[in-house]
Structures are given as C-alpha cells and as structure tokens.
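Structural overview for review
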Amino acid sequence: MKTIASLGLGLLMTSALTAAQADDVKIGMITTLSGGGSHLGVDVRDGFMLAIEQSGRDDIEVLIQDDANRPDLARSLSDEFMQRDNVDILTGIIWSNLAMAVVPAAVRQGTFYISPNAGPSALAGRQCHENYFNVAWQNDNLHEAMGAYMKEEGFERPILMAPNYPAGTDALAGFKHRYEGEVVDEIYTQMGQTDYAAEIAQIRASDADSLFFFLPGGMGISFMKQYENSGVELPLFGAAFSFDEIIIQAVGSAAIGTMNTSQWAYDLDNDANRAFVDSFREAYDRTPTLYASQGFDSANLILSALEKAHPSDQDAFREALREADFASVRGKFRFGDNHHPIQDVYVREVVEGENGQPTNRLVGLAIEDIQDVYAVDCQM
Amino acid sequence: MHDVTATLFLEQLLNGLQLGTMLFLMASGLTLVFGVMGLINLAHGSFYMVGAYATASVTAATGSFLVGLSAGIVAAAAVGALVELLVIRRLYHRPHLDQVLATFALILIFSEGTRWLFGSSPLWLSPPEMLTGFVTLPGGARYPLYRLVIIAVGVLVAIGLYLLISRTRLGMRIRAGESDREMIGALGVNIARLYTLIFAMGAALAGLAGAMVGALQSVQVGMGEPVLILAFVVIVIGGIGSIKGALFGAILVGVVDTMGRVFLPGFFRHFMSPAEAAGVGSAVAAMLVYILMALILAFKPKGLFAAHG
C-alpha cells in the first residue's frame, strides 16, 4: 500500500522536475476514496496500481484523485486532469451518477475513458461513444443473470427489493427482464436506509418463496444482519454488489447460505486469476473484491493497447483497445459493438471460510456470454 | 387476511416504537444542549458513531457485548466532555451560524479521524448471543428479541431522565438553566461544570443509541448523520428544550415513518400500477415526517411542548 502511494508520489514529483517525455502516457484516475462506499474505490485503485506495477513500465504516470462520491467534484477533477495535466486516458469512477457527469463531456473532448465499474444504461445505448470502453459490465448484467438463474432453479414467487434511485430501479428491471415470470411484490427502500424492520415484516406477510435484493454498501450489511434475527427464512439472492468480501465479513454468519451473481470470483480457475489473487493478497494482505479485479483488468486492457499504439494516435489506440488483447482474470473477455463486455456471469454462494469468516465460493455458471440489451441503440 | 393485517400492524407498531425510542436517545441529548446552553450541535451524530465504534472494537477484543456497550457509553461521554472543554465552550456566546460551522467542522474531523483509525471498511458488531432469536407475538408473528430489548432500554432511559430532572438537584439546575441562564450563574452554580456534565450526558445517550443500533446495522463512518437529521426533526416537532417533547416527538416520528413506509405503497396501489405505486409510495413515505413537521409547525410554531412558554 505504502509502496504504491510513494510510487505514485515519486512519479508525480519526477514529472514536475523533468519535462515529461513526449511519448509518456498520463492516466487520470478519479475514484471514491472517502465517504460512504469508499472500499469500492480503494479496491479499484489497488487492483489498477498492482497491474501497472507488475508491468514494470516507467513511462506511465497515474494521477489519482478522490471524488468523495460527489458528481460536482468529479466533474471539476476531470476538467483539471484534461486541461492542466493533459491526461491521455481517464478512468476510476465508481458510481453511475458521477460517470454521467464526467464521461460524455470527457470523451467528446477526445480523451479516452476506461470504466472500471459504473455502467449506466445511457452510455451503453444512445449515448455510447467510440472513446468510451467499459471493462466491468453494463449495470443490468449481474441482476439479469440472477433473474435467469432463479428462473432455472424453479423459484416461482420471488419478492424484489431495491433502493428508490436509478440503479435500484434498473436492478429490478434487469432482474425481471430475464426472470420473465410473475413477482410477488416490489419493495423500494430509501437511499442510505439503515433500518429494515418494516420491510422485513412486509416480506414475512407476503407468500413469496425467495427474496432478490440489491442493497449496495452499508445498506446490505444492515439488512442482512436484521434479516437473520427476524425469523423469516426465505432464501436470499442478489448481485455481487451486496456480497463483496468486505460486506460479508461485516455481516458475519447472517450472510452464510446466500447466493449472488458475479462476472468474477477469486476462486475462478485460470492462470491469470490465480496470479492476480496471490499477488493482490501479498501486496495488500486481503482478498480482492470484484472491484479490485475490475481495476486490475482495466489497467491490463490499457497496457495491452499501449503495446500496440500511443493514445495520441487515437484510431490505432482505439482499435487496440477494441481487440481486448489481454489475459483477463475472468477468463474469456471480449467487447460488444458498444464497447461493453460480452461475458459469462457466475453464481457464488457465501460459505464459512477456513478462518470461520464468511467468504464467497464459486458454484457455477449463471448465464453464458451475456450482452446488455442497450447495445442495439448504440450508433457508433 | 384480516389476521395477517392485524399482526402486520402490531409488528409495525413495535418497529415504530423501537425507532422512536432510539430517536429519543439521540434527541434528548440534543434538546438538552440546545435548551440549556442555547447551542446547536451538529456533531451530536459523531458521538453516536463513537459509541458504536468503541462498542464494536471492545466487544471484538473482550468477547462481551455488555463490556463493549459500557465502553461505548463511557467513550462517547469522555469524547463529549473533551469536545465541550476544547471547542464547544468557546461557542456559547457566538451566533448560531458560527456554532453550525464549528460543529460541522467537528463532523468532518470525527469522520476522517475514525477512518484514519479504523479504515473505511465497516466494522462487525452483533447482538449478544442471549438476545438473538425472536419472541412470538399474539397473532403468531415472530418479533426479534433484541428489538424488544431496545424498546425496554429506551423506556428505562426515559423514566431515568424524568426522575433525574424532576427529583434531583442536578435536575433542578438543568431546569433553572433552561429558564434563565444568567440567573443560576449569579446564584453561585458552577455553570461551566454544569454545561460539561450536560454535554457529556447527551453524548453518552447518543453513544448508547449508536452502540445498540450498531449491532443491528453497519458500524461505519458517517452512520450518525442520517439519524441526526431525524433527531432534529424530532426536537423541532416536540419543542426545542423539552425532554417530554423529545419523547413524544420521537415516538410520533418513529411510528409515522415506519407506518408510512409499509402502508403508503399499498394505498397508492388502489389507483395506479404496482410498480408505480411502489415508487410513488416510497417517495412520499420518505417525505412523510417532513410533511408532519410542517403541519405541526403550521399550528404550533414552537412545537408540541415548547419549553419557553
């Protein structure tokens, strides 16, 4: 951790002292390092910097700034990066509302944006852009995959729950898109809500046979802890956002037995992933989350394209990005026409790990080669 | 069907009471500090967070929730006393805007300080083993035992505060401080010590709330602020400076908020599609306590139980 911070600082200082070489590459990372949900940004950053460090290249400069989960701040940071620092590539944003404030303007001005997380539907559809690439997923993907999985597993009366904000309504829409059956009810909670007693009573009073929910960050922790002692025993399902390693450790035993969908798992069996998980654990002394894997893949995508072209040669660099010629920790990885991944999504179960702490275990494939439904609206 | 609705109603009433008693613990400290010292303290939510973090770390170290809880209360009180001595003391004679600015700065300092000490990942804290599980309510619904305990603790604190304020010398001074600050100073009461004591007491109650609720929710940086906003609504509704007002306000807000969340979407379903009803219902439910506050202030501009006539 410290070595990377000082590495970044060192890079910053050397660039200030000596005039940057013309063929050096500048990457501006805007991510959430403070405030609610900062563990997402920290993991994206750490995964990204690990890949840069492993590449051994000293001609890449990564500037990192904290957006504190504020759209206005993210916007002014991106202007600073583009106008003052002349970065070639922007990356790092976690939240969709921040991405919508930054990305359209940035790519219009000729900067590349590589998204390691946020995948709002607008940027996958009508507002897609040739300089915008999403390495993680379109927001709906993991929810859709869970809809498909629960349908296949024979659940007939799911009840759905999500916070009342765009990504929440998208989550339930995505789920229903692939589930295709009747749902018992849809419960919308408040953003940042911490007490779920009322919702749990509603779930109890319904005749549902399962619960699908999307409550990222602290909301999911609160809900699962309260659910455990409520005496309601419906099985819980969701996308990986409510079940990353950090969340389930904070939830404790209440998380065990829940199922979630993810495009990546730390026990996914391929060479790139084994090397990534080992080196991440060694560097940071914790198990990476899916966010770390997305940061790592984003950096490796950029590195693979830099092998072929410099970002100043926009057409060649874009073509190199499109080829996605890197060893993704997800195994196979390719871009659709709208520069969003076409990828497999897996099912994981939360089990008790070796040290008694809950951890995710890969169960199997939820859906193969999923592509977002907005791709058809993209005219690039 | 009728039975299901009746048990659901009873269960939600308990949920509302539980939320209300927690809000009362927050609001009583806030309203005392405002009533006696005339101070607006935005950093009250930070004491809630301090209580939860201290409880979580001491519980993890000792394995006993009770020891952790005591540590949480003591830590919140100590931090409260320290903050009063170092910062708040200089603010009593300043205008409210200065107080808001200074205590807002305290929120930022506490949040970043906590992140620096504990990291940005939430901490793990669970109710003690003997309080997990549930009891069966009349009508057959199960209700978590721990939430019933929270209600009981809230009621005990309310009774304790009532006795303290109406029956003891300290309480007499607090009441005197509420009605005339300068006069009790002139009568030889050590005002400075009284203020520190009240401030620490308010912080301890916030810490107790944070610790109890922390076991149900996630112990994380910034957990106090959403509660603080509701606590302000409570003291405005109840009448600033009034403990009785804080109690009634807290229970009113708790019950209205809970009932709104559950029954409004169902209500809107009578005249719109289920998906729309869920969206509109939860949006209106989010506003409900503020609508309630506006209505009460329209008829009682000083709140339900205004302390100063």
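Residues numbered from 1 in each chain as written. Chains lettered and ligands numbered in written order. Predicted model: local features only at pLDDT ≥ 70, side-chain atom pairs only at ≥ 80, totals over all residues. Heavy atoms only, no water.

**Describing the overall build of chain A**
The criterion, for reference: The secondary structure listing takes helices from DSSP runs of H or I that are at least 4 residues long and strands from runs of E that are at least 2 residues long, numbered from the N terminus. Relative accessible area decides the class of each residue, using a 1.4 Å probe on protein chains only: under 20% of the type maximum gives buried, over 50% gives exposed, and in between gives partly exposed. Between two residues, a contact is recorded if the distance between any of their heavy atoms is within 4.5 Å. Shrake-Rupley sampling with a 1.4 Å probe provides the accessible areas, and residues are treated as covered by the protein chains on show and by no other component. His is not counted, nor are the chain ends; Lys and Arg add positive charge and Asp and Glu add negative charge. One atom stands in for each charge, and that atom is NZ of Lys, CZ of Arg, CG of Asp or CD of Glu.
When helices and strands are counted, chain A shows 13 helices and 13 strands. When its C-alpha atoms are laid out on the principal axes, chain A stretches across 65 × 45 × 40 Å. For chain A, with 380 residues in total, the buried portion stands at 63%. For chain A, restricting intrachain contacts to residue pairs at least 6 apart in sequence, the fraction spanning at least 24 positions comes to 69%. Approximately 13800 Å² of chain A is accessible, and the part contributed by carbon and sulfur atoms is 47%. Within chain A, the 56 negative side-chain charges are centred at a point lying 2 Å from the centre of the 26 positive side-chain charges.

**Some details on the domain arrangement of chain A**
Residues and elements named next belong to chain A. Inclusion rule: How far each domain reaches was decided by an automatic or database domain assignment. A quick way to say it: buried area is the sum, across both parts, of accessible area lost when two parts are put together, with a 1.4 Å probe. Salt bridge, as applied in this entry: a Lys or Arg side-chain nitrogen positioned within 4 Å of an Asp or Glu carboxyl oxygen. Gly falls in the polar group here, along with every residue not listed as nonpolar (Ala, Val, Leu, Ile, Met, Phe, Trp, Tyr, Cys, Pro) or charged (Asp, Glu, Lys, Arg).
Once the domains are mapped, chain A shows domain 1 (2–137 + 268–339) and domain 2 (141–262 + 345–377). Contacts between domain 1 and domain 2 engage 18 residues on the former and 19 residues on the latter. Among the residues of domain 1 in contact with domain 2, His-39, Trp-137 and Leu-290 are the three that bury the most area, contributing 28% of the side total. The interface formed by domain 1 and domain 2 holds two salt bridges in total. Across the pair Lys-332 and Asp-369 runs a salt bridge, and its minimum N-O distance is 3.4 Å. Mapped by element, the contributors of at least two residues to the side of domain 1 that touches domain 2 are α5 (121–124) and α12 (290–308). Here the side of domain 1 that touches domain 2 is composed, by residue class, of six nonpolar, seven polar and five charged.

**Some remarks on the pattern of salt bridges**
Residue and element names in this part refer to chain A. Taken as a whole, this structure holds 30 salt bridges over all chains when the rule is applied. Put simply, Arg-75 and Asp-79 hold a salt bridge, and the shortest N to O gap is 4.0 Å. Taken together, the positions of Arg-75 and Asp-79, both in helix α3 (residues 71–83) and four residues apart, correspond to about one turn of that helix. Take Arg-75: its relative accessible area is 34%, and that puts it in the partly exposed class. When salt bridges that share partners are traced, they join Asp-43, Arg-45, Asp-46 and Arg-286 into one network.

**Topic: the sheet that holds strand β1 (residues 25–31) of chain A**
Hydrogen bonds between backbone groups are what pair the strands of a sheet, and the pairing can be parallel or antiparallel. Residue and element names in this part refer to chain A. So the rule is basically this: Any two strands are treated as partners once DSSP identifies two or more bridges connecting them. To define axes, lines are fitted to C-alpha atoms, for helices over the stretch in contact only, and angles between the resulting N-to-C directions are given on a 0 to 180 degree scale.
Reading across from one edge, β2-β1-β3-β4-β5 is the order of the five strands in this open sheet, with parallel pairing throughout. Lying at the two open borders of the sheet, with one neighbouring strand each, are β2 (60–66) and β5 (132–134). Strand-to-strand, the axes of this sheet are offset by a mean angle of 20°, without reference to chain direction. Pairing analysis gives three bridges linking strand β3 (residues 89–91) to strand β4 (residues 112–115), with the strands arranged parallel. Bridging across to β4, Thr-91 finds its partner in Ile-114. Contacts from α12 reach β1, β2, β3 and β4 within the one sheet, and its direction differs from that of β4 by about 140°. The sheet strands contacting helix α13 (residues 314–323) are β3, β4 and β5, and the helix crosses β4 at an angle near 15°.

**Remarks on unusual backbone geometry**
Its identity as a non-glycine residue notwithstanding, Asp285(A) has a phi of 65°, on the positive side. On the secondary structure map, Asp285(A) appears in the loop between α11 (271–284) and α12.

**Examining the environment of Ile159(A)**
All names here are of chain A. Tracing the backbone through its elements, the reader meets Ile-159 in strand β6 (residues 158–163). Distance from Ile-159 to Gly-110, taken between C-alpha atoms, is 45 Å for residues 49 residues apart in sequence. Contacts of Ile-159, omitting those with residues within four sequence positions, involve Asp-185, Ile-187, Ile-203, Ser-206, Ala-208, Ser-210, Leu-211 and Phe-212.

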